[in-house]
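Coordinates in review
In case you want the letters, here they are:
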Amino acid sequence: MPRRVAVTGVGLLCSVGAGTEECWTAILAGKGGIGPITQFDASRFSCRIAGEVKHFDPLTYVEKKDVKKMARFIQFAIAASDFAVKTAGLQIREADAEMSGVYIGSGIGGFEVIEREHQILMERGPSRLSPFFIPSCIINLASGYVSIRYGAKGPNSATATACTTSAHSVGDSFRLIQHGYADTMICGGSEACVTPMGIGGFAAMRALSTRNDEPGRACRPWDLGRDGFIVGEGAGILVLEELERAQARGARILAEVVGYGMSSDAHHITSPPDDGDGAFRVMRNAMKDARIEASDVQYVNAHGTSTPIGDMAETIALKRAFGDHAYKLAVSSTKSMTGHLLGGAGGLEAGLCVLALRDQVAPPTINYEVPDPACDLDYVPNKARPMAIEYALSNSFGFGGTNGCLIFKKYES
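Residues numbered from 1 in each chain as written. Predicted model: local features only at pLDDT ≥ 70, side-chain atom pairs only at ≥ 80, totals over all residues. Heavy atoms only, no water.

All right, on to the nonpolar core then. By size, the foremost hydrophobic cluster in this structure holds 48 residues, and its most contacted members are V7, L238, L240, Y299 and F408. The element best represented in this core is helix α13 (residues 345-359), accounting for nine residues. Those residues in contact with F408, other than ones at most four positions away along the chain, are V7, L238, E256, V257, V258, A350, C353, V354, L357, E390, Y391 and A392. (Core = buried A, V, L, I, M, F, W, Y, C linked by side-chain atoms within 4.5 Å. Buried < 20%, exposed > 50% of the residue type's maximum accessible area, 1.4 Å probe, protein only. Helix = DSSP H or I, 4+ residues; strand = E, 2+ residues; numbered from the N terminus. Contact = heavy atoms within 4.5 Å.)

This brings us to the layout of surface pockets. Volume-wise, the largest pocket comes out at about 610 Å³. Surrounding the largest pocket, 31 residues form its lining, T270, P272, T307, G310 and F399 being those nearest its centre. Counting residues per element, the ones that place at least two in the lining of the largest pocket are α11 (308-322) and β14 (391-398). In terms of residue count, α11 provides more of the lining of the largest pocket than any other element does, five residues in total. Classifying every residue of the lining of the largest pocket by side-chain character gives 14 nonpolar, 13 polar and four charged. By volume, the second largest pocket amounts to about 380 Å³. Taken together, 17 residues form the lining of the second largest pocket, with P2, Q178, V258, D289 and A290 sitting closest to its centre. (1 Å grid on protein atoms, 1.4 Å probe; cavity = no way out; pocket = protein on both sides within 12 Å on 5 of 7 lines; lining within 4 Å. Points joined across faces, edges and corners; volume = space filled by probe spheres on them. Nonpolar A, V, L, I, M, F, W, Y, C, P; charged D, E, K, R; others polar.)

The next point concerns the packing of aromatic side chains. Going through the model one piece at a time under the given rule, you end up with eight aromatic pairs. Aromatic side chains F40 and F45 sit 5.3 Å apart centroid to centroid with 65 degrees between the ring planes, which places their arrangement in the edge-to-face category. There is no split in this pair, since F40 and F45 are both buried. With 5.8 Å between their ring centres and 90 degrees between their planes, Y61 and F83 make a pair best called edge-to-face. (Phe/Tyr/Trp six-rings, centres within 6.5 Å; stacked < 30°, edge-to-face > 60°.)

For helix α4 (residues 111-124), which comprises 14 residues, the first-to-last C-alpha distance of 20 Å matches the rise-based estimate of 20 Å (1.5 Å per residue) to within 8%. Burial in α4 covers these residues: V113, E115, E117 and I120. Where α4 is buried, its residues meet α5 (133-137) and α8 (196-204). Positioned one or two residues after α4, G125 has a phi angle of 95 degrees, which is positive. (Expected span 1.5 Å × (residues − 1).)

Let us now look at the packing of helix α1 (residues 20-28) against α13. Between α1 and α13, the shortest axis-to-axis distance is 11 Å and the interhelical angle comes to 75 degrees. When the axes of α1 and α13 are compared, the pair comes out roughly perpendicular. Only L352, L355, A356, R358 and D359 of α13 make contact with α1, whose side of the interface consists of T20, E21, W24 and I27. When the residues that make up the contact of α1 with α13 are grouped by side-chain class, the tally is five nonpolar, one polar and three charged. (Axes fitted to C-alpha atoms, helices over the stretch in contact; angles between N-to-C directions. Parallel < 35°, antiparallel > 145°, perpendicular 65-115°, else oblique.)

Following this line, the structure appears as structure tokens:
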């Protein structure tokens, strides 16, 4: 019999705040974090706005001697892990270490380090490359640093499945605990690609919004005027524990993880099929895993990136997965406020689902002004909604057609 899995910690860091409760308060207030890019001169770029983490000081979380050894996404992962572990009141003792693990992914990793070191290579030669170059930017080093920080000697891994990265990290951690390979997992994702190559690459695909003159209104999922997504940065980390173990140590249970689904579009490297088939199947798989009916779900934190094709395909998939009940769902895209954290998105949004269950409130989709007739569900427009939520579902879809879906349940003691 699979073991039950509790969420005891949530750590959030994004453009609307540094710290779980600060982020959550801003999200419920409909506060957007998207603004002009400040990390480099973006004047020549078609998209000049992003969801940057503001006033981030790595020295708050990392010793000075270690800062230069870590790309920004690693620093974010450490900060968010600190928030999550503190929320959970978790201490990993030596007796628990081998059953405590870390699973933190990133879609892109240390882009800013790669760009900087490439410039050094071209201008000054290979002898001037930093000895910290490789370990400062490869994706699994976020998990590595966090495992060292807390003495977690169990499973240690990292996912890199584009924008589904965090959902897979949390889902795989859920499975590890369910089946007895770990008792505790620190899991999620982190991203920091507001860099010239990061923004330039997505802009070259014509995937980004160019509403540069009104950044606060640029990300507008399901709105008729949507014209692309906004890159965000930050991290979302959860602490998962085997339920009875968490209860025994007196932890506050924020929610339970009860379902995890995966699927592939097998269609196109960047675009979903028009009928949302992969998204439909991943939600169906997650509900089957959770052993619930479609009518049991009240809230969906959608992938909802603000792209014309993606938002429509997800709406179609929701209708296929939920039938008539789709019109009774509260469906929101918090990316309208945070931007799209790419590999960090699923961790952030899973954390928001947990907080929605804790506080019994659905966060809003802001900038929803002119409804798209093809997108006709209840997108919780512009204002958070207190409501009864027993099950919350979080969607993540990534390039390559890789999909992940997580289902969380309100905890009843």
